[in-house]
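Listed here are the chains, written in short residue letters.
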Amino acid sequence: MRWIAHLDGGPRRVNHAAVGVGDKIYSFGGYCTGDDYRLNECIDVHVLNTNTLRWAVVPLKRDENGLPLKYPEVPFQRYGHTAVAYGDKVYMWGGRNDEQLCNVLYCFDPQTLSWFRPEVKGAIPGARDGHSACVVDHCMYIFGGFVDEINEFSCDVHCLDFRTMEWRYVQTFGAPPSFRDFHSAASIYGRMYIFGGRGDKHSPYHSQEEMYCPEIVFLDMKTKMWHRPSTTGKIPVGRRSHSMFIYNGLIYIFGGYNGLLDQHFNDFYTFDPKSNCWNLIKPFGRPPTARRRQVCIVKDTHMFLFGGTSPDPQNSNQLIDNNDTHLLDFQPTLRTLSILAVINYRLDTTWLPKKLKEEIRLLTQPNSLTRPLNHAG
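Residues numbered from 1 in each chain as written. Predicted model: local features only at pLDDT ≥ 70, side-chain atom pairs only at ≥ 80, totals over all residues. Heavy atoms only, no water.

It is worth spelling out the layout of surface pockets at this point. A volume near 1,000 Å³ is recorded for the largest pocket. Contributing to the lining of the largest pocket are 36 residues, with Ala18, Ala133, Ala185, Met244 and Cys296 lying nearest its centre. Of all the elements in the fold, those that place two or more residues in the lining of the largest pocket are strand 2 (17-21), strand 6 (82-86), strand 11 (132-136), strand 17 (184-188), strand 24 (243-247) and strand 28 (295-299). Among the residues making up the lining of the largest pocket, the classes are represented as 19 nonpolar, 16 polar and one charged. In this structure, the second largest pocket occupies an estimated 400 Å³ of space. (1 Å grid on protein atoms, 1.4 Å probe; cavity = no way out; pocket = protein on both sides within 12 Å on 5 of 7 lines; lining within 4 Å. Points joined across faces, edges and corners; volume = space filled by probe spheres on them. Helix = DSSP H or I, 4+ residues; strand = E, 2+ residues; numbered from the N terminus. Nonpolar A, V, L, I, M, F, W, Y, C, P; charged D, E, K, R; others polar.)

Laid out in C-alpha cells, this is it:
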C-alpha cells in the first residue's frame, strides 16, 4: 500500500463525521478554531468527488423568504456527532455545539441535498457526544460517549432499527468496555469491535484523571456477549480521537492522541479478527502528519483521510486545524506507480496523453472549495 496524494484546500474541520455514498464522500459539521458555535445555524456539508478528488460545498436550503433554514428544521452546526450510511441515505445522531447537545435523529438525502427528521419511537438515548455508531444488518448501534445531562461517561449500547425506526436499549452480557468517549467502533463478522477512547479513573464520573485503554473488545451481535480476545503482535498505545476502518477483512487504526503522554500519532496498525494479531504497518509514500479528530473513509481500494488537529510544527504547544486530504492506495497499479514517478521526479509531461496529464493534475493541484448549484458536483 502507498500514500499517493496529499492535497491542501479542502474543508478545515475537526471532530466532523463523514460517510461514503456512491462515488461521493459527504462530510458533516465539525469545528474550526476561532469560529462561533453557540448559534443554531444549519450544519455545513462538504462533498468530495472521489473521481476528481475535488471538494465542494453543499448549498444551504432556504425558506419561502429566501432565508437559510435553522434548527430544529435542520440540524444545528455541531461536533462530536456520528453519521452512518444506510441504503442511499445518511443518518446523523448526537453531537453538540458550545451551548447544547442533541439526541434528535436527522436524515440527509444525497439526491436532493436536503435534511429531514424521521419519526422515531422507543427509548431514545440521552443526548451525548464522543460516542460511536456503526451499522450491523438493518440496525445502527450506538456505544459510549459523554452524556452531558448527567455529566458522566457511558458504556451503554443503544440500537435504532431502520426498518421500524424504533430505538431500544440493548441488554448486553459479560463485562462491557470501560466508560469512555472518543473511541472507535467497526462491525465485521457479526461483531462490533471497540478500541481506544478516553476514560477516567473515577468513571463514570469526569474528574480530569484520564485513562486510555489499549484493549480491543467486541460485542457478539447474536448473543450480545462482550469478549476480550487474547491478542498478540505489536499492540497500539491507548489513544482517543483516532480513526478505525475495515478493509479486506482487517481492522485498521490510524492516528489519535494520548493525553497522559501528550502525544499525537500518525502510526498505522492492522488487527486481524481471525488471528487476534496486531501489526504495525508502514505504507510507502509520504504519510499524513500526526493528528487526531480526522476522518478516514474507504472507497473501493482507496482510503481517503481528511481534516483533524495536529501540533504546530513552529510551536509544539499550539495546535493547527488541517484542511488537507490524503489518499492511500491499498493496491497501487503499475499505471499509478508510473504516474507517481513522473510527479516525484518532475519528469517532462509534454509528451504524455491528455488523460494522463489530467490524472497528474488531479493528484498535485490544491483544492479550491466551490459551491455546487443543484447537485453534489
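Together, Val237, Leu260 and Leu261 give the surface a local cluster of nonpolar side chains, amounting to about 280 Å² of exposed area. Relative to the helices and strands, Leu261 is located in the loop between strand 25 (250-258) and strand 26 (263-272). (Patch = residues over 30% accessible without salt bridge, like charges linked within 9 Å, V, L, I, M, F, W, Y side chains within 5 Å. Areas by Shrake-Rupley, 256 points an atom, 1.4 Å probe, with all protein chains shown as cover. Salt bridge = Lys/Arg side-chain N within 4 Å of Asp/Glu carboxyl O.)

Before going further, it helps to spend a moment on empty space enclosed by the protein. Empty space among the atoms becomes apparent when a probe as large as a water molecule is rolled across them. Applying the stated criterion across every chain, the model contains two cavities of 30 Å³ or more. Approximately 80 Å³ is the volume attributed to the largest cavity. Around the largest cavity, the lining residues are Cys42, Ile43, Asp44, Val45, Val58, Pro59, Leu60, Lys61, Val74, Phe108, Leu113 and Trp115. For the lining of the largest cavity, the class distribution of residues is ten nonpolar, no polar and two charged. Taken as a whole, the second largest cavity spans an internal volume of roughly 40 Å³. Lining the second largest cavity, in full, are Ala5, Leu7, Leu53, Phe304, Thr325, His326 and Leu327. For the lining of the second largest cavity, the secondary-structure elements that each account for two or more residues are strand 1 (2-7) and strand 32 (325-329). Taken together, the residues that form the lining of the second largest cavity break down as five nonpolar, two polar and no charged.

Our next topic: the sheet that holds strand 9 (residues 114-116). Strand order in the open sheet made by the four strands is 6-7-8-9, with antiparallel pairing throughout. Sheet topology places strand 6 and strand 9 at the edges, where each strand pairs with a single neighbour. Averaged over all pairs of adjacent strands, the angle between strand axes in this sheet comes to 30°, irrespective of strand direction. Pairing geometry for strand 7 (residues 89-93) and strand 8 (residues 106-109), over three bridges, is antiparallel. Bridging from a neighbouring strand, Met92 pairs with Tyr106 of strand 8. (Pairing = 2+ DSSP bridges. Axes fitted to C-alpha atoms, helices over the stretch in contact; angles between N-to-C directions.)

What follows covers the pairing of strand 27 (residues 277-281). Bridge count for strand 23 (residues 232-233) against strand 27 is two bridges, and the pairing is parallel. Its bridge partner being in strand 27, Thr232 is matched across the sheet by Cys277. Sheet topology places strand 26 next to strand 27; five bridges connect them, and they run antiparallel. Looking across to strand 27, one finds that Phe268 is bridged to Ile281. The turn linking strand 26 back onto strand 27 is made up of four residues, and Asn276 within it adopts a positive phi angle of 60°.

Looking now at the packing of aromatic side chains. For any two aromatic rings, the description comes down to two numbers: the centre-to-centre distance and the angle of the planes. Under the counting rule described, the total for this entry stands at 29 aromatic pairs. Ring plane angle 70° and centroid distance 5.4 Å describe the contact between Phe28 and Phe108, whose orientation is recorded as edge-to-face. Taken together, the residues Phe28 in strand 3 (residues 24-28) and Phe108 in strand 8 connect sequence positions 80 residues apart. Accessibility classification places Phe28 together with Phe108 in one group, the buried group. With 5.5 Å between their ring centres and 65° between their planes, Phe28 and Trp115 make a pair best called edge-to-face. Taken together, the positions of Phe28 in strand 3 and Trp115 in strand 9 put the pair 87 residues apart, joining distant regions of the chain. You can call Phe28 buried: its relative accessible area is 0%. For Trp115, a relative accessible area of 12% corresponds to the buried category. Ring pairing ties together the aromatic residues Trp3, Phe245, Tyr247, Tyr252, Phe254, Phe268 and Phe330, which thus form one cluster. (Phe/Tyr/Trp six-rings, centres within 6.5 Å; stacked < 30°, edge-to-face > 60°. Buried < 20%, exposed > 50% of the residue type's maximum accessible area, 1.4 Å probe, protein only.)

Tyr26, Phe28, Val45, Val90, Phe108 and Trp115 are the most contacted members of the largest nonpolar core, which has 23 residues in total. Counting only elements with at least two residues in this core, the list comes to strand 2, strand 3, strand 4 (45-49), strand 7 and strand 8. Counting residues per element, this core draws most heavily on strand 2, at three residues. When residues no more than four places from it in sequence are discounted, the contact partners of Trp115 are Phe28, Cys42, Ile43, Val45, Val74, Pro75, Met92, Tyr106, Cys107 and Phe108. Within the second largest apolar cluster, 20 residues are counted, among which are Ile4, Ile339, Ile360 and Leu363. (Core = buried A, V, L, I, M, F, W, Y, C linked by side-chain atoms within 4.5 Å. Contact = heavy atoms within 4.5 Å.)

When their charged atoms lie close together, side chains carrying opposite charge are able to pair. Per the counting criterion, the structure on display carries 15 salt bridges. Linking Asp36 and Arg38 is a salt bridge whose minimum nitrogen-to-oxygen distance equals 3.0 Å. A salt bridge links Asp161 to Arg163, with the nearest nitrogen and oxygen atoms 3.1 Å apart. Residue Asp161 is classed as buried on the basis of its relative accessible area of 14%. When salt bridges that share partners are traced, they join Asp181, Arg198 and Glu210 into one network.

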